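The lines below spell out each chain.
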Amino acid sequence: GNSVTQMEGPVTLSEEAFLTINCTYTATGYPSLFWYVQYPGEGLQLLLKATKADDKGSNKGFEATYRKETTSFHLEKGSVQVSDSAVYFCALDSWGKFQFGAGTQVVVTP
Amino acid sequence: DTEVTQTPKHLVMGMTNKKSLKCEQHMGHRAMYWYKQKAKKPPELMFVYSYEKLSINESVPSRFSPECPNSSLLNLHLHALQPEDSALYLCASSQVVAGTTYEQYFGPGTRLTVT
């Protein structure tokens, strides 16, 4: 079956540091891939997406590239802010059914 | 407008109560979803409606009863819940075009506590 594996958190880093959250997937076919962010007490917000191999999704300084050869969709941001503190979920869409990773909590300190 | 609204924001209910959660979207999306999320866990899919018809039920206990009155509304009726059902209940919707489902947009959730 389909699955998504994310690096475990929490990830703690200082403001302006570089952030990488690893995500790998197992799926049949060519699923669409997503990153969602959840701030405390809120629902999930779509951060970025990629629908085919080599697509790069980007939004609010975050980027991720759909790598079919390594079945990966790692999230990166060059300079994080305190406001980026949240839980980040990698997800894939297979025939309308989402499979979420376990989530990675990111804590950014001033 | 990419907003999905949910009411109420918080709900406390006893194990013998009957209550309903409501979800609404005006994006013209024809797929709507209910998820359950426990603390520090990813959302777990409960139900999927496609074109107002129930298409996926992930073996959810019958004390949870979904309803889709029209293409903009989704309800989740609750009856005789257990304390372990306490969680954040998230609604989501997505566009469906020519059989292809697109990204899901989530509401803010209803925080349910069963006493």
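Relevant structure appears above.
The structure contained in this document is the topic of the report that follows. Keep in mind it's a predicted model, so treat the numbers as computed, not measured.

## Things to note about the overall build of chain B
For chain B, the helix and strand inventory stands at 0 helices and 11 strands. What you see in chain B, going N to C, is helices and strands ordered as β-β-β-β-β-β-β-β-β-β-β. For 115 residues, the compact-globule formula gives about 13 Å, and the C-alpha radius of gyration of chain B, at 14 Å, lands near that figure. Taken along its principal axes, the extent of the C-alpha atoms in chain B is 45 × 25 × 25 Å. Buried positions account for 47% of the 115 residues belonging to chain B.

## A look at the environment of Thr5(B)
Residue and element names in this part refer to chain B. Counting through the fold element by element, threonine 5 comes out in strand 1 (residues 4-7). Relative accessible area serves as the criterion here: at 32%, threonine 5 is assigned to the partly exposed category. Beyond its immediate stretch of four places on either side in the chain, threonine 5 contacts Lys22, Cys23 and Glu24.

## Considering the pairing of strand 10 (residues 86-94) of chain A
All names here are of chain A. Of all 9 residues that make up strand 10, 8 are buried, and the element is covered over most of its length. Where strand 5 (residues 32-38) meets strand 10, 7 bridges bridge the pair, whose relative direction is antiparallel. The residue of strand 10 that forms the bridge with serine 32 is aspartate 93. Where strand 10 meets strand 12 (residues 104-109), 3 bridges bridge the pair, whose relative direction is antiparallel.

## Let's talk about the interface of chain B and chain A
Tallying the contact residues gives 19 residues for chain B and 17 residues for chain A. Between chain B and chain A lies a buried interface of about 1,400 Å² when both sides are counted; carbon and sulfur atoms form 56% of it. Residue Glu103(B) is joined to Lys49(A) by a salt bridge in which the shortest nitrogen-to-oxygen separation is 2.9 Å. Connecting chain B to chain A are 5 residue pairs in polar contact (both at pLDDT 80 or more). Breaking the side of chain B that touches chain A down by element, the ones donating at least two residues are strand 4 (31-37), strand 9 (87-97) and strand 10 (100-106) of chain B. Here the side of chain B that touches chain A takes 5 residues from strand 10 of chain B, the largest share from any one element. Across the side of chain B that touches chain A, the residue classes tally to 11 nonpolar, 4 polar and 4 charged.

## A few points about the environment of Thr16(B)
Along the chain, Thr16(B) falls in the loop between strand 2 (10-13) and strand 3 (18-25). On a C-alpha basis, the gap between Thr16(B) and Lys40(B) in space is 28 Å, while along the polypeptide they are 24 residues apart.

Cut-offs applied
Residues numbered from 1 in each chain as written. Chains lettered and ligands numbered in written order. Predicted model: local features only at pLDDT ≥ 70, side-chain atom pairs only at ≥ 80, totals over all residues. Heavy atoms only, no water. Helix = DSSP H or I, 4+ residues; strand = E, 2+ residues; numbered from the N terminus. Rg over C-alpha atoms; globule rule 2.2 N^0.38 Å. Buried < 20%, exposed > 50% of the residue type's maximum accessible area, 1.4 Å probe, protein only. Contact = heavy atoms within 4.5 Å. Pairing = 2+ DSSP bridges. Buried area = accessible area lost by both parts, 1.4 Å probe. Salt bridge = Lys/Arg side-chain N within 4 Å of Asp/Glu carboxyl O. Polar contact = N/O pair within 3.5 Å; in protein donor to acceptor, adjacent residues only side chain to side chain. Nonpolar A, V, L, I, M, F, W, Y, C, P; charged D, E, K, R; others polar.

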